[in-house]
Amino acid sequence: MNAPRTRVQRRPVHGVLLLDKPLGLSSNDALQKAKWLLRAEKAGHTGTLDPLATGVLPLCFGAATKFSQMHLDAHKTYEAVLRLGQRTTTADAEGELIAERPVAYTAERLAEVVRQFTGVIHQVPPMHSALKKDGRALYEYARAGIEVERTAREIEIFKLEVIDPIVDGSPSAIKIRVFCSKGTYIRTLGEDIGEALGCGAHLASLRRIATGPFVLERCVTLAALEAMDQARRERCLLPVEALLDDHSPLTLEAADVARFLNGVRRRGTWPDQARVAVYGPEAHCLLGTAQVVDGELIPTRLLSPIEIDQILKSSPQALCAA
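I will try to describe carefully the structure that is included in this document. Just so we're clear, the structure is a prediction, and the values are computed from it rather than from any experiment. Along every chain, residues carry numbers that run from 1 in the direction the sequence is written. Per-residue local features are limited, in this predicted model, to residues with pLDDT of at least 70; the limit for side-chain atom pairs, both in listing and counting, is 80 or more; totals at the level of whole chains, interfaces and linings are taken over all residues. The side-chain quantities take in all heavy atoms of the structure and omit both hydrogens and water.

### Remarks on the overall build of the protein
- Numbered from the N terminus, helices here are DSSP runs of H or I no shorter than four residues, and strands are runs of E no shorter than two. Scanning the protein from terminus to terminus reveals eight helices and 18 strands.
- By the burial criterion, 45% of the 322 residues in the protein qualify as buried.
- Should any heavy atoms of two residues lie within 4.5 Å, those residues are considered in contact. Counted over contacts in the protein with a minimum sequence separation of 6, partners at least 24 positions apart contribute 70%.
- Accessible area for the protein stands at about 16,500 Å²; split by element, carbon and sulfur atoms hold 50% of it. Think of it in three bands: with a 1.4 Å probe and only protein chains considered, a residue is buried below 20% of the maximum accessible area for its type, exposed above 50%, and partly exposed in between. Areas reported as accessible are Shrake-Rupley estimates using a 1.4 Å probe. Residue values count occlusion only from the protein chains shown.

This is the structure:
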């Protein structure tokens, strides 16, 4: 007879965990594992990585989930290995091989292709993606063998470089580093680079090394997190305001805090600003976000008094050494 499962007692946890997502897990699977390890009540992530991909995945807990959507617009940096000469059904290593062509390119042609895909370009989203058409994800149509029309979208590749033109001694694989805007599909970029080289390609591996201000060197793995005690896991959390690096800080007087938290606009001598992170004087605790228009502080997203009290009572947060 199986022993009864121990029920995990959930509790309020607030902050951001920078996870180095492992190969083979979906972003949600990784999130649920971290949530279980931290015994957190509420959690979410800031955008998905495919099971094939590894690397930086910021996970949000408690009050941080209120600001997770703001991070979706962040620029990303990836390192990817492209297997040249082979196209697959999914444009990555998980798909079935559908075409093979010989690989023959010069260094000059490769440099020309890199320039071709640098800057503002238009990209057709892949069928194997989570984008929705008539309420269904594109990958659902793809799995059913249905191809639907997709509109090309404008993206920007800020920097594209070949960091290893020959991977594992094979001229049929190259490693690239891509610094790009939101909405960029690296598998599509890889496939397009392969076509431009005249041989086709698919994505053999993908690793996200940065998203916004968050870099791989600051991430912790699930294995490392699992080996820690509970106190050390909590010390891996960044404060909620780590998601607001592009917001200007503003500290209110104590008399204005309660009104602001009730959504009441405050007037002052502040310059107009679209993104403001508002703090209270006690322990410089985050109250929420706002915008300033004509000297008026207009709340946009607020923490609750309960969340603020829980954050103030929690131990100091500091990123752990992964």
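So, next bit.
### Points about the sheet that holds strand β17 (residues 286–293)
- Sheet architecture is open: five strands sit in the order β14-β16-β17-β18-β15, paired in mixed fashion. The sheet terminates laterally at β14 (248–251) and β15 (266–267), the two strands that pair on one side only.
- Strand pairing is defined by DSSP finding a minimum of two bridges between the two strands. Examined bridge by bridge, β14 and strand β16 (residues 273–279) share four bridges and lie parallel to one another. In the sheet register, P249 faces β16, and the bridge partner there is A277.
- Docked against the sheet, helix α7 (residues 254–261) engages β15, β16, β17 and β18 (296–302), running at close to 85° with respect to β17. Fitted lines through C-alpha atoms serve as axes, helices being fitted only where they are in contact, and the angles separating the N-to-C directions of these axes extend from 0 to 180 degrees.

### Concerning the nonpolar core
- Only buried residues count toward a nonpolar core. Its members are Ala, Val, Leu, Ile, Met, Phe, Trp, Tyr and Cys residues joined through side-chain atoms within 4.5 Å. Judged by nonpolar contacts, the single largest core of 46 residues is most densely connected at L17, F61 and I193.
- By residue number, the principal contributor to this core is helix α1 (residues 27–38), which donates five residues.
- Excluding its chain neighbours within four sequence positions, the residues that come into contact with F61 are V13, H14, G15, L17, A34, K35, L38, A40, K42, A43 and L237.
- By size, the runner-up hydrophobic cluster in this structure holds 33 residues, among which are C60, L216, A277 and V292.

### Things to note about unusual backbone geometry
- Residues other than glycine seldom take positive phi values, yet R39 does so here, at roughly 60°.
- Relative to the elements of secondary structure, R39 occurs in the loop between α1 and β2 (43–45).
- By relative accessible area, which is 30% here, R39 ends up partly exposed.
- Positive phi is not limited to glycine here, since D294 has a value of about 50°.
- Assignment of secondary structure puts D294 in the loop between β17 and β18.

### Regarding the pairing of strand β4 (residues 76–84)
- In terms of burial, β4 is largely enclosed, as eight of its nine residues are buried.
- Two strands pair when backbone bridges link them, and β4 and strand β11 (residues 173–180) are joined in this way by eight bridges, in the antiparallel orientation. Within the sheet, the bridge partner assigned to T77 lies in β11 and is F179.
- Judged from the nine bridges that link them, β4 and strand β12 (residues 201–211) form a sheet pairing that is antiparallel.

### Some thoughts on the environment of I146
- Position of I146 relative to the elements: it lies in the loop between α3 (138–143) and β10 (153–164).
- Placed 36 residues apart in sequence, I146 and L110 show a C-alpha to C-alpha distance of 34 Å.

### Examining the pattern of salt bridges
- Criterion for a salt bridge: a side-chain nitrogen of Lys or Arg within 4 Å of a carboxyl oxygen of Asp or Glu. Under the definition given, this model contains 19 salt bridges.
- A salt bridge links E195 to R101; the shortest N-O distance between them is 2.6 Å. Of this pair, E195 sits in helix α4 (residues 186–196) while R101 sits in the loop between β6 (97–100) and α2 (107–116); the two residues are 94 residues apart in sequence, bridging distant segments of the chain.
- Judged by its relative accessible area of 37%, E195 falls in the partly exposed class.
- Two residues, E161 and R177, come together in a salt bridge whose shortest N-O distance is 3.2 Å. With a gap of 16 residues between them, E161 in strand β10 and R177 in strand β11 connect regions that are remote in the sequence.
- Put simply, E79, E161, K175 and R177 are held in one network by salt bridges that share partners.

### Some words on the environment of D164
- Along the chain, D164 falls in strand β10.
- The class for D164 is partly exposed, based on a relative accessible area of 30%.
- Each C-alpha atom of the pair D164 and V81 lies 9.0 Å from the other, and the pair is 83 residues apart in sequence.
- Residues in contact with D164, not counting those within four places in the same chain, are A173, I174 and K175.

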